[in-house]
Amino acid sequence: MMDKNFLLTKIFILIIAICLTQFFSVNSYGVDPDEILQDQKQELRARNISKNIRCMICQNQSIDESSASLAKDLRILIRNKIKEGNSNEEIYKFLTDRYGDFILLKPPIKLSTLALWVLPFVFLLIGIFVVFWNNKKSKKF
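Before going into details, it helps to say that this report is about the structure given with it. Worth saying up front: this structure is predicted, and the values here are computed from it rather than measured.

What follows covers the overall build of the protein chain. Across its full length, the protein chain holds five helices and zero strands. Taken from N to C terminus, the helices and strands of the protein chain fall in the order α-α-α-α-α. When burial is assessed residue by residue, the protein chain has 23% of its 141 residues classed as buried. Across the protein chain, every contact between residues at least 6 apart in sequence was considered, and the portion connecting residues at least 24 apart equals 55%.

Right, dumping it as structure tokens:
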């Protein structure tokens, strides 16, 4: 009969292996060959912008990585804006005017997005406090 610790160790190693495989795997990009611009500098700009724009369907991927139809439409829109001669700032402004700051994977720090930047640290401090308070309380008994 298998030892319980041996089984837990095997499961733990399997989980770590899966996580490492996911972490080191090559990203698959959602950019279709027909979307790619002929000018390499413009294509590089488009890819850099696309990496900073959130897919509104996937929400945890950039449109550069997403294969959703809305992501493809946004990639094409960005490439068209680049061909028209718009700057990166003009493209970001166009997208945020249309979709709000949520479309940016790294939203700017301003009053309306302050909670997005501050609350994770607040929750971390609360969690640390709860762990220490609970640990201190359990030592009394």
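For the pair helix α3 (residues 69-83) and helix α4 (residues 88-99), the least separation of the axes is 10 Å and the interaxial angle reads 140°. Classified by the angle their axes make, α3 and α4 are oblique. The two elements α3 and α4 meet at a crossing, and its hand is right-handed. On the side of α3, the interface is formed by Leu70, Leu74, Leu77, Ile78, Lys81 and Ile82, while α4 contributes Ile91, Phe94, Leu95, Arg98 and Tyr99. Broken down by class, the residue content of the contact of α3 with α4 amounts to nine nonpolar, no polar and two charged.

On to the nonpolar core. Formed by 15 residues in total, the largest nonpolar core has its most connected members in Ile53, Ile63, Ile78, Ile82 and Leu95. When contributions to this core are tallied by element, the ones reaching two or more residues are α2 (40-51), α3 and α4. Sort the elements by how many residues they give to this core and α3 lands first, with four residues. Leave out the neighbours within four places in its chain, and Leu95 touches Ile53, Leu74, Leu77, Ile78, Gly100 and Ile103.

Another aspect to go through is the packing of aromatic side chains. Per the stated rule, a full pass over the model turns up zero aromatic pairs. Geometry around Phe102 places Arg54 over its ring, the cationic atom sitting 4.5 Å from the centre. One Lys or Arg, Lys81, reaches over the ring of Phe94 and ends 4.0 Å from the middle of that ring.

Considering all chains together, one arrives at four salt bridges under this definition. One salt bridge connects Arg79 with Glu43, and the closest N-O pair in it is separated by 2.7 Å. One end of the pair, Arg79, is in helix α3; the other, Glu43, is in helix α2, and 36 residues separate them in sequence. Each member of the pair, Arg79 together with Glu43, is buried. A salt bridge links Asp97 to Lys93, with the nearest nitrogen and oxygen atoms 2.9 Å apart. Of the two residues, Asp97 and Lys93 both sit in helix α4, four residues apart, roughly one turn of that helix. By relative accessible area, Asp97 is classed as exposed at 54%. Relative accessible area serves as the criterion here: at 49%, Lys93 is assigned to the partly exposed category.

Reading the values: the criteria
Residues numbered from 1 in each chain as written. Predicted model: local features only at pLDDT ≥ 70, side-chain atom pairs only at ≥ 80, totals over all residues. Heavy atoms only, no water. Helix = DSSP H or I, 4+ residues; strand = E, 2+ residues; numbered from the N terminus. Buried < 20%, exposed > 50% of the residue type's maximum accessible area, 1.4 Å probe, protein only. Contact = heavy atoms within 4.5 Å. Axes fitted to C-alpha atoms, helices over the stretch in contact; angles between N-to-C directions. Parallel < 35°, antiparallel > 145°, perpendicular 65-115°, else oblique. Left-handed = near helix turned anticlockwise from the far one by under 90°. Nonpolar A, V, L, I, M, F, W, Y, C, P; charged D, E, K, R; others polar. Core = buried A, V, L, I, M, F, W, Y, C linked by side-chain atoms within 4.5 Å. Phe/Tyr/Trp six-rings, centres within 6.5 Å; stacked < 30°, edge-to-face > 60°. Lys NZ or Arg CZ within 6 Å of the ring centre and 35° of its normal. Salt bridge = Lys/Arg side-chain N within 4 Å of Asp/Glu carboxyl O.

Keep in mind these numbers describe shape, not what the thing actually does.
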